[in-house]
Amino acid sequence: MTSQVTFIGAGNMASAIFGGMIEGGYPAEAITATARDTQTLDALASRYGIQTTSDNNVAVEHADVVVLAVKPQVMREVCHELRDSVQRQRPLIVSVAAGLGAETLDTWLGGDMAVIRCMPNTPSLVGQGASGLYANARVSEEQKQLATSLLEAVGLVEWVADETLLEAVTAVSGSGPAYFFLIMEALEDAGKKLGLPADSARRLALQTAYGAASMARESEFEPAELRRRVTSPNGTTERAINSFEDDGLRRLFENATQACATRARELA
Ligand code: NAD
């Protein structure tokens, strides 16, 4: 039987997920979304054919899964509002909010709930996300499989066994898109310094990032092997790679991801 999935909050992240689910064949009538603004809800109902309501409690009445997709700063208020309904209905709770622990959410919802915490990233908005998921002890294997299939609608899903590992997920994939944007920016600037017209440098940098990522995903070889294969002895790429290694690129990544994970811990 199809699970009834309710999204509390129908913004960027929620619409990316239910949009991906529907595109993948999930029945729109099994999806409900809520938001503060009824105009948004009307637009979503006519675009996707989902159920909508501005009443959060009505929305969870028949839900098997409740996806909490409001901003972290309003989450406590939303959980308190939902407490009686979720205690009655006992749906699986999936939170995509950054920085809020499973135990905190469980307490706000009245306790004893099956809670999954998800750390998605912004490429989810174009169906190319990477999400790290953690389930508390009350989540069943079947519920984990269900959450995997829901989140796979917007990209890759990786489970972590320990909630603190979501800090590492934040450091690698959560904040990771910005690192790659920075690399594209730096490569574009470097190309301009070498004399390329600005728009040409940008197009070449972006396509190279896209091409390298596509190749790395499709290839049977790991990235390190792909790099070795394009690095001929004493060739041009080797000069560049040696320069990166001599300047400590790996240490830079290690320092940056550690700083990111530390900040994620401070915010939790
Ligand atoms: P958004 O502002 O686009 O959407 C928030 C939605 O919540 C809106 O539809 C708003 O009407 C609704 N809302 C606000 N108060 C509400 C209430 N009391 N009851 C019901 N609905 C209410 O935000 P977003 O970017 O989609 O982010 C949502 C969550 O996803 C956040 O917790 C954020 O940490 C997480 N997240 C987002 C991204 C991203 O790429 N956008 C990445 C990682 C995590």
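None of the values given here were measured: they were computed from a predicted structure.

Caption draft 1: How the structure looks around unusual backbone geometry. A positive phi angle is found at Arg 90, which is not glycine, with a value near 50 degrees. If you trace the backbone, Arg 90 turns up in the loop between helix 4 (72-89) and strand 5 (92-95). Positive phi outside glycine occurs at Asn 234, with the angle close to 60 degrees. Tracing the chain through its elements places Asn 234 in the loop between helix 10 (223-229) and helix 11 (236-246).

Caption draft 2: Here's a closer look at the packing of aromatic side chains. Scanning all chains against the criterion turns up 2 aromatic pairs. With centroids separated by 5.3 Å and ring planes inclined at 70 degrees, the aromatic side chains of Phe 7 and Phe 18 adopt a geometry described as edge-to-face. Linking Phe 7 in strand 1 (residues 5-8) with Phe 18 in helix 1 (residues 12-23), this pair joins segments that are 11 residues apart in sequence. In this structure Phe 18 comes out as buried when scored by relative accessible area, which is 0%. Note on Phe 18 and Tyr 48: the rings are 5.3 Å apart at their centroids and 85 degrees apart in plane angle, and the pair reads as edge-to-face.

Caption draft 3: Inspection of the site of the ligand at higher detail. As a matter of local geometry, the ligand sits amid 19 residues, with Asn 12, Met 13, Asn 56, Val 70 and Thr 122 nearest to it. Contacts to the ligand include Ala 10, whose backbone N or O atom sits 3.1 Å from an oxygen atom. Note that an oxygen atom of the ligand is positioned 2.6 Å from one of the backbone N or O atoms of Val 70. When isolated, the ligand has an accessible area of 840 Å², and the protein chains bury 82% of it. At the level of secondary structure, the elements contributing two or more residues to the shell around the ligand comprise helix 1 and helix 4. Residues of the shell around the ligand, tallied by class, amount to 11 nonpolar, 6 polar and 2 charged.

Caption draft 4: Region of the structure containing the pairing of strand 7 (residues 129-135). Here strand 7 lies mainly inside the structure; 7 of its 7 residues are buried. As judged from the 5 bridges shared by strand 7 and strand 8 (residues 155-159), these two strands associate in the parallel manner. Within strand 8, the residue paired with Ala 130 across the bridge is Leu 156. Once you follow strand 7 into helix 6 (residues 141-151) and on to strand 8, the crossover reads as right-handed.

Caption draft 5: Main features of helix 4. Of all the bends found along helix 4, the most pronounced is centred on Arg 83 and spans about 55 degrees. Met 75, Val 78, Cys 79, Leu 82, Ser 85 and Val 86 are the residues of helix 4 that are buried. Residues of helix 4 that are buried sit in contact with strand 1, helix 3 (56-60), strand 4 (65-68), strand 5 and helix 5 (102-108). Count one or two residues on from helix 4 and you reach Arg 90, which has phi positive near 50 degrees.

Caption draft 6: View of the sheet that holds strand 7. Read across the sheet, 8 strands follow the order 3-2-1-4-5-6-7-8 without closing on themselves; strand pairing throughout is mixed. At either end of the open sheet lies a strand with only one pairing partner, and these are strand 3 (51-53) and strand 8. Going across the sheet, the axis of each strand differs from the next one's by a mean of 20 degrees, ignoring polarity. Summarising the sheet, strand 1 and strand 4 pair through 4 bridges and their orientation is parallel. Counted as the bridge partner of Phe 7 is Val 67 from strand 4. Set on the sheet, helix 1 makes contact with strand 1 and strand 2 (31-34); between it and strand 1 the angle comes to about 160 degrees.

Conventions adopted
- Every chain is numbered independently, its residues counted from 1 as its sequence is written.
- Confidence filtering applies because this is a predicted model: local features only for residues at pLDDT of at least 70, side-chain atom pairs given and counted only at 80 or more, and all residues used for totals across whole chains, interfaces and linings.
- Calculation of side-chain values draws on the structure's entire complement of heavy atoms; hydrogens and water are dropped beforehand.
- Labels follow the DSSP assignment, with helices taken as runs of H or I lasting at least four residues and strands as runs of E lasting at least two, numbered in each case from the N terminus.
- Note on ring pairs: Phe, Tyr and Trp rings are taken, using the six-membered ring of Trp, and paired if centres are within 6.5 Å. Classes follow the plane angle, with under 30 degrees stacked, over 60 edge-to-face and the rest tilted.
- We call a residue buried when its accessible area falls under 20% of the maximum for its residue type, exposed when it is over 50%, and partly exposed in between, using a 1.4 Å probe and counting protein chains only.
- By convention in this text, a residue qualifies as near a molecule or strand provided that one of its non-hydrogen atoms is within 4 Å of it.
- Polar contacts here mean pairs of N or O atoms no more than 3.5 Å apart (in protein, one a potential hydrogen donor and the other a potential acceptor; neighbouring residues in sequence count only if both atoms are side-chain atoms).
- All accessibility values rest on the Shrake-Rupley procedure with a 1.4 Å probe; residue burial counts only the protein chains present in the view.
- In this classification, the charged set is Asp, Glu, Lys and Arg, the nonpolar set is Ala, Val, Leu, Ile, Met, Phe, Trp, Tyr, Cys and Pro, and all remaining amino acids, among them Gly, are polar.
- Paired strands, in this sense, are two strands between which DSSP finds at least two bridges.
- A clockwise path from the first strand over the helix to the second, with the strands pointing away from the viewer, defines a right-handed crossover.
- What is called the bend at a residue is the angle between a pair of axes, fitted to the seven residues leading up to and ending at it and to the seven starting from it.
- Whether two residues touch is decided by their heavy atoms; if any such pair falls within 4.5 Å, the residues are in contact.
- Helix axes are fitted only over the stretch in contact, all axes being lines through C-alpha atoms; the angle between N-to-C directions runs from 0 to 180 degrees.

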